[in-house]
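# Working through the structure, step by step
Chain by chain, the residues:
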Amino acid sequence: MWQWKPAPEKWSVHEIIIHITDSECNSFIRARRFMAEPGSGVYGYDENKWANNLHYHQQSTEDALELFKWLRKTTYDLIRMMDESTWQTATVVHSENGVMKFEDWLRIYEEHIPVHIRQMKRNLDAWNAAGRPVLV
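Residues numbered from 1 in each chain as written. Predicted model: local features only at pLDDT ≥ 70, side-chain atom pairs only at ≥ 80, totals over all residues. Heavy atoms only, no water.

Once that is clear, we can look at the layout of surface pockets. One water molecule sets the probe size; rolling that probe over the atoms shows where empty space is left. In this model, the largest pocket occupies a volume close to 280 Å³. Together, 17 residues line the largest pocket, and Arg-30, Tyr-45, His-94, Ile-108 and Tyr-109 are the ones closest to its centre. Of all the elements in the fold, those that place two or more residues in the lining of the largest pocket are helix 1 (13-36) and helix 5 (102-129). Tallied by class, residues from the lining of the largest pocket come to seven nonpolar, seven polar and three charged. If you add up the space inside the second largest pocket, you get close to 170 Å³. Taken together, Glu-24, Ser-27, Arg-72, Thr-75, Tyr-76, Ile-79, Trp-105, Leu-106, Tyr-109 and Glu-110 form the lining of the second largest pocket. Broken down by secondary-structure element, the contributors of at least two residues to the lining of the second largest pocket are helix 1, helix 3 (61-81) and helix 5. Its residues assigned to classes, the lining of the second largest pocket shows five nonpolar, two polar and three charged. (1 Å grid on protein atoms, 1.4 Å probe; cavity = no way out; pocket = protein on both sides within 12 Å on 5 of 7 lines; lining within 4 Å. Points joined across faces, edges and corners; volume = space filled by probe spheres on them. Helix = DSSP H or I, 4+ residues; strand = E, 2+ residues; numbered from the N terminus. Nonpolar A, V, L, I, M, F, W, Y, C, P; charged D, E, K, R; others polar.)

Shown next as structure tokens:
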């Protein structure tokens, strides 16, 4: 079921997990740019090309989840050390979104995981609705 896609252009649960970790890797760098190099550039990426060209189905979800936890925790620890002026003034220039404040970045990454959890749940619901073995 983890490898199953509800449609050719949709992602499997496996791909979603790897994507979440790749996104967190980008987040890890972006947070540090805000703090260490305010005003610097950060770049968007084509997540579908990453999924295809980085062979997401051949990567380990267990390794990805471990890496995700480490990246998220170390970024959280760093954010806790931020001074108030960094919170208020730090910006980066995103290649697709333009100037972003730290709060913009934080909101995006706060919302990212719940969006994909709902996506994985929809995959499971579609799997079960199609008469496949029921999974819970």
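Let's shift gears to unusual backbone geometry. Although it is not a glycine, His-55 sits at a positive phi angle of roughly 50°. Positionally, His-55 belongs in the loop between helix 2 (47-53) and helix 3. Residue classification places His-55 among the partly exposed residues on the basis of a relative accessible area of 45%. (Buried < 20%, exposed > 50% of the residue type's maximum accessible area, 1.4 Å probe, protein only.)

This brings us to the sheet that holds strand 1 (residues 41-42). An order of 1-2-3 is seen for the three strands of this open sheet, with the pairing classed as mixed. Each edge of the open sheet carries a strand with a single partner, namely strand 1 and strand 3 (98-101). In terms of strand pairing, strand 1 meets strand 2 (residues 91-94) through two bridges, oriented parallel. Opposite Val-42, over in strand 2, you have His-94 as the bridge partner. Together, strand 1, strand 2 and strand 3 form the strand contacts of helix 1, whose direction differs from that of strand 2 by roughly 130°. (Pairing = 2+ DSSP bridges. Contact = heavy atoms within 4.5 Å. Axes fitted to C-alpha atoms, helices over the stretch in contact; angles between N-to-C directions.)

The next subject is the environment of Ala-126. Secondary-structure assignment places Ala-126 in helix 5. Judged by relative accessible area, Ala-126 falls into the partly exposed class, the value being 28%. With 120 residues separating them along the chain, Ala-126 and Pro-6 place their C-alpha atoms 6.8 Å apart.

The final tally for this structure, using the stated rule, is seven salt bridges. Residues Glu-15 and Lys-5 are paired through a salt bridge, measuring 3.4 Å at the closest nitrogen-oxygen approach. Here Glu-15 is found in helix 1, whereas its partner Lys-5 is found in the segment before helix 1, with ten residues between them in sequence. On the accessibility criterion, Glu-15 (4% relative accessible area) is buried. In this structure Lys-5 comes out as partly exposed when scored by relative accessible area, which is 28%. (Salt bridge = Lys/Arg side-chain N within 4 Å of Asp/Glu carboxyl O.)

For the rest of this paragraph, the subject is the packing of aromatic side chains. The description of an aromatic ring pair uses the distance of the two centres, along with the angle that the planes make with each other. Inspection of every chain in the model, using the stated rule, returns nine aromatic pairs. Here Phe-34 and Trp-105 contribute two aromatic rings whose centre-to-centre distance is 6.3 Å and whose plane-to-plane angle is 55°, an arrangement assigned as tilted. Residue Phe-34 is located in helix 1, and its partner Trp-105 is located in helix 5; the two are separated by 71 residues in the primary sequence. Note on Trp-105: relative accessible area 3%, which makes it buried. Clustering of aromatic rings is evident, with ring pairs tying together Phe-34, Trp-87, Phe-102, Trp-105 and Tyr-109. (Phe/Tyr/Trp six-rings, centres within 6.5 Å; stacked < 30°, edge-to-face > 60°.)

Nothing here speaks to function; it is geometry throughout.
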